[in-house]
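# Close look at the chain arrangement
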Amino acid sequence: MLLTLFESHTHFFLSMFQKMILTKIISNTLSLHKKQLIEWLPAVRYFSSPTNPLVNVDVNDKSGIAVVTMNRKPVNGLSLELFEAMSKALDDLENNRIRGAILTSSCPTVFSAGLDLNELYQPDKKRFKAFWTTFQDVWLKLYGSSFPTAAAINGHAPAGGCFLAISCEYRVMCPDYKIGLNETRLGIIAPIFLRASMRNTVSNREAEKALTLGTLYSTEDALKIGLIDEIAIYKVKAIERCENFLAQFNNVSSIARSFTKRSLRQKDLEELENCREEDFNIFWSNLIEPSVQKQIGDYMQSLKKK
Ligand SMILES: CC/C=C\C/C=C\C/C=C\CCC/C=C/C(=O)SCCNC(=O)CCNC(=O)[C@H](O)C(C)(C)COP(=O)(O)OP(=O)(O)OC[C@H]1O[C@@H](n2cnc3c(N)ncnc32)[C@H](O)[C@@H]1OP(=O)(O)O
């Protein structure tokens, strides 16, 4: 009650002085740590920044909702540089206390083709370590964000593309595309954090079937199993539907919402936090197997031949 009252009266700009006074009063009342309270203050400043050419962040000043657009042509292959740009964008969004974020793509028919296969083929260990660590960072920040998230899936979303979408809380997809975690079809074992995101999205049974078979679902079938939440005819509509989803939180205490999300996802986040190095080692040793390298090389060739 007190928190809701506090939030509903702090949507206007607060000077640092006002912030300190409010923090002090509430800190005394609730016996909460001061730093935590400052972190919880509602959004006071939104930004639209040119950020990085690989990730465009556009924040609507009125709604406080950010549209985060991946922009690495032709297929938003997830490279180290794209992950770095996403990681930085997620930090900026967290620091600016936006009211929600929508992840989408500037590629006309692809949301993301997943991990950039060039990062996986004949990898240099030092670069690959940075790549994998930044990939983990992005997942921890996206899956564990304090603000609500949605994905406007305006194209194909195989493997890592699907993974980004299921790290968000809501998914709207355009028709006639494919989405899914096809790793096993490529001879890959899905890492721990990918399995967690999938189980959080569809039933355990569907997750098991989808992951073991490596199924790529049509938009319509993805809706049937709950892998996506809605279908929208084109990108603008998909973004609109995501905005509608995020707008529902305007009437919910952002503190209560964010704590509830965090508590539901905490176990998954901790699971990775506690084994980041091990996760890398397992993946690395699998990746450099000559048979896996051959499979990746052949697969890349088959994509080029198309
Ligand atoms: C094979 C991997 C094996 C082992 C990896 C080991 C371990 C990984 C384990 C876990 C990791 C976490 C889980 C995530 C895994 C991944 O994400 S792996 C990547 C899997 N991605 C795919 O299987 C998608 C492949 N791409 C496609 O199916 C199609 O490109 C598309 C449906 C997305 C789009 O189709 P089109 O619009 O027809 O475009 P093109 O196919 O013509 O592609 C244009 C251009 O882009 C190149 N390309 C496509 N995908 C990738 C990619 N993922 N990485 C790098 N490059 C890619 C493609 O070769 C074309 O290049 P050019 O011919 O124009 O040079």
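In case you missed it, the structure is sitting above this.
Presented here is an overview of the structure given in this document. (Residues numbered from 1 in each chain as written. Predicted model: local features only at pLDDT ≥ 70, side-chain atom pairs only at ≥ 80, totals over all residues. Heavy atoms only, no water.)

Next up on the list: empty space enclosed by the protein. Regions of empty space are outlined by a rolling probe, equal in size to a water molecule, passed over the atoms. The full count for this structure, using the stated rule, is three cavities of 30 Å³ or more. When its volume is computed, the largest cavity comes out at roughly 110 Å³. Lining of the largest cavity is provided by 14 residues; of these, Val-68, Leu-90, Leu-93, Leu-103 and Leu-142 occupy positions nearest its centre. Counting residues per element, the lining of the largest cavity draws most heavily on helix H4 (residues 80-95), which supplies four residues. Across the lining of the largest cavity, the residue classes tally to 13 nonpolar, one polar and no charged. (1 Å grid on protein atoms, 1.4 Å probe; cavity = no way out; pocket = protein on both sides within 12 Å on 5 of 7 lines; lining within 4 Å. Points joined across faces, edges and corners; volume = space filled by probe spheres on them. Helix = DSSP H or I, 4+ residues; strand = E, 2+ residues; numbered from the N terminus. Nonpolar A, V, L, I, M, F, W, Y, C, P; charged D, E, K, R; others polar.)

In space, the three strands of this open sheet follow the order S6-S8-S9, with mixed pairing throughout. The strands lining the two open edges of the sheet, one partner per strand, are strand S6 (157-158) and strand S9 (216-218). Inspection of the sheet shows S6 paired to strand S8 (residues 178-180) by two bridges, in the parallel sense. When the bridges of S8 are listed, Pro-158 appears paired with Gly-180. (Pairing = 2+ DSSP bridges.)

A separate point is the packing of aromatic side chains. One pass over the structure, following the stated rule, counts 18 aromatic pairs. With 5.5 Å between their ring centres and 45 degrees between their planes, Phe-128 and Phe-131 make a pair best called tilted. With Phe-128 and Phe-131 both in helix H6 (residues 125-143), this residue pair falls three residues apart, about one helical turn. Here Phe-128 falls in the buried class, since its relative accessible area comes to 1%. Their ring planes at 85 degrees and their centres at 5.4 Å tell us that Phe-135 and Phe-163 sit as a pair that is edge-to-face. Here the residue Phe-135 occupies a position in helix H6, and Phe-163 occupies one in helix H7 (residues 160-167), the gap between them amounting to 28 residues. Both residues of the pair, Phe-135 and Phe-163, count as buried. (Phe/Tyr/Trp six-rings, centres within 6.5 Å; stacked < 30°, edge-to-face > 60°. Buried < 20%, exposed > 50% of the residue type's maximum accessible area, 1.4 Å probe, protein only.)

None of the figures reported here should be taken as evidence of function without further support.
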